[in-house]
Amino acid sequence: MNRAYGTRSARTLFEPAHAGAFNLANRIVMAPLTRNRAGPAWIPGPWAKEYYTQRATAGLIIAEATQVSAQALGYADTPGCYTDAQVIGWKQVTDAVHAKGGIIVLQLWHTGRISHTSFQKDGQAPVGPSAIRAKTKTFTAGEGFVDVSMPRALGLDAIPGIVESFRHASLCAMRAGFDGVEVHGAHGYLLDAFLRDGTNHRTDAYGGSIANRARLLLEVTAACGSAIGADRVGVRISPVSTAGDSHDSNPQALFDHVVTSLSPLGLAYVHVVEGETGGARDSLPFDYAALRGRFDGVWMVNNGYDRAMAIAAVASGRADLVSFGRLFIANPDLVERLSTNRPLNTLMGQETFYGGGAHGYTDYPTLPAEPV
Ligand code: 8OZ
């Protein structure tokens, strides 16, 4: 019996929920969204506090993917959470969100092979499970979109340092006032690349069998859990997404093992991107119900949900929480709009998603106040 099924008779999208240590006002979650507006030294930018505070009525905010170390960087202008200056920067955001009654966790990220030599110390190759170059691009400040670089395979002796960088960043996140962290195990970044046989050709304890390929994600998650409490740690996975040139010969077997192994850890939640990220939800056959059945805890779903789909997913018990990305970009008051079934703002053009200033970030309107 999933713990989260306990209150099944009273489950609606708009009612409170528990997720690990978090008491959420509703089951509507702001998905982690890369916005490339961090300031110098990868500190949250000048508008981040307002942006997140505007969205504090979400049951939970998952703040954007954030580097766990300098090596983890893979895109221009994304924030980090591993230096004192970054902690101080994020603290202004979390204090403001908490003052509005919000709950906010930080998504912890190592981009792995989805990076470029220009982001790496001394122009070194980025790191991955194996020296296999991803067929995808990243965005650099100098040259715009460029092919990601050929990675170097992480040596076995370097793996404890990766685990430690996530552990350290989770402690930094707590010092920065976050309520917890989400481990980014999706979209072809380092942890996902280790999971998959298309990107992991290692022959050591971190490659080969599914159990070996899952080892790094499980070690990282356990390390974050022992640092800050497992009930403050979530994990995001994207079983069939090809984002980050991700591919695996048997995603069902792989993720069945991953979720079965995560289940006893006592995590806050598992967060599943269903289908192709930002695209078709049925891009490949996958049994999400079977996956969910392997996890004794809170289950968060994502990808292309609208109001009716989200209400149905929670009412049926198929999901405990639903995260929204694009709808939260365009609607700071998404919770109010969904709960009163009022119209949503139109999303501005893609040129406002990644990089830039307040436009397309903090200038989406809220609903006018109801007349009294
Ligand atoms: C869009 C652009 C850059 C990064 C992800 C962190 O896909 C990202 C990301 C999304 O998870």
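Residue positions within a chain follow its written sequence, with the count starting from 1. Under the rules for a predicted model, residues below a pLDDT of 70 receive no local features and side-chain atom pairs below 80 are neither given nor counted, while totals for whole chains, interfaces and linings still include all residues. Excluded from the side-chain calculations are hydrogens and water; all other atoms, namely the structure's heavy atoms, are used.

(A) Molecular detail of the sheet that holds strand 12 (residues 269–273). A barrel is described by the order of its strands in space; here eight strands give the closed sequence 3-4-5-10-11-12-13-14, paired in parallel fashion. Within the sheet, the average angular offset between the axes of one strand and its neighbour, ignoring direction, is 25°. For strand 12 and strand 13 (residues 299–302), the ladder comprises four bridges, and the chain directions are parallel. Across the sheet, V272 pairs through a bridge with V301, a residue of strand 13. Only when DSSP finds a minimum of two bridges between them are two strands counted as paired. Numbering of helices and strands runs from the N terminus; a helix is a DSSP stretch of H or I covering at least four residues, while a strand is a stretch of E covering at least two. Axis geometry follows a simple rule: fit a line to the C-alpha atoms, using only the stretch in contact for helices, then measure angles between N-to-C directions, giving values from 0 to 180 degrees.

(B) Structural detail: the packing of helix 5 (residues 210–228) against helix 6 (residues 251–262). At a minimum axis separation of 10 Å, helix 5 and helix 6 run at an interaxial angle of 35°. Where helix 5 crosses over helix 6, the two elements pack in a sense that is right-handed. Here I210, A211, R213, A214, L217, L218 and T221 of helix 5 come into contact with helix 6, specifically with A253, L254, H257, V258, S261 and L262. Charged means Asp, Glu, Lys or Arg here, nonpolar means Ala, Val, Leu, Ile, Met, Phe, Trp, Tyr, Cys or Pro, and polar covers whatever is left, Gly included. Tallied by class, the residues present in the contact of helix 5 with helix 6 amount to nine nonpolar, three polar and one charged. In this scheme, a crossing is called left-handed if the near helix is turned counterclockwise away from the far one by less than a right angle; it is called right-handed if the turn is clockwise. The contact rule is simple, with two residues in contact once any of their heavy atoms fall within 4.5 Å.

(C) Inspection of the site of the ligand at higher detail. Close to the ligand lie T34, A65, Y75, W109, H184, H187, Y189 and Y354. N or O atoms within 3.5 Å of each other form a polar contact, as long as, within protein, one can give a hydrogen and the other can take it, and as long as residues adjacent in sequence are counted only when both atoms are side-chain atoms. Here H184 contributes a side-chain N or O atom positioned 2.7 Å from an oxygen atom of the ligand. Between H187 and the ligand, the recorded distance is 2.8 Å, taken from a side-chain N or O atom to an oxygen atom. If even one non-hydrogen atom of a residue comes within 4 Å of a molecule or strand, that residue is called near it.

(D) Layout of unusual backbone geometry. Positive phi values are uncommon outside glycine, yet N36 reaches one of about 50°. Looking at the secondary structure, you find N36 in the loop between strand 3 (28–30) and helix 1 (48–54). Remark: exposure states derive from per-residue accessible area (1.4 Å probe, protein chains only) relative to the maximum for the residue type, with buried under 20%, exposed over 50%, and partly exposed in between. Owing to a relative accessible area of 8%, N36 belongs among the buried residues under this scheme. Of note in this structure, W42 is not a glycine but carries a positive phi near 60°. Mapped onto the secondary structure, W42 falls in the loop between strand 3 and helix 1. For W42, a relative accessible area of 33% puts it in the partly exposed group.

(E) Molecular detail of the environment of G244. Its location among the elements puts G244 in the loop between strand 11 (233–237) and helix 6. The spatial distance from the C-alpha of G244 to the C-alpha of R167 is 24 Å, given a sequence separation of 77 residues. What G244 contacts, discounting residues up to four positions off in sequence, is R113, I114, A134, T136, H187 and G188.

(F) Local environment of the packing of aromatic side chains. Centre distance within 6.5 Å is the pairing criterion for rings of Phe, Tyr and Trp, where only the six-membered ring of Trp is used; planes under 30 degrees apart are then read as stacked, over 60 as edge-to-face, and the remainder as tilted. A complete count under the given rule lists eleven aromatic pairs for this structure. Between Y75 and Y189, the ring centres sit 6.3 Å apart and the planes meet at 70°, which makes this aromatic pair edge-to-face. Here Y75, found in the loop between strand 4 (60–67) and helix 2 (84–99), pairs with Y189, found in the loop between strand 10 (180–184) and helix 4 (190–195); they are 114 residues apart in sequence, far enough to count as distant. Ring plane angle 45° and centroid distance 6.0 Å describe the contact between F295 and W299, whose orientation is recorded as tilted. Across the pair, exposure class does not vary: F295 and W299 are buried alike.

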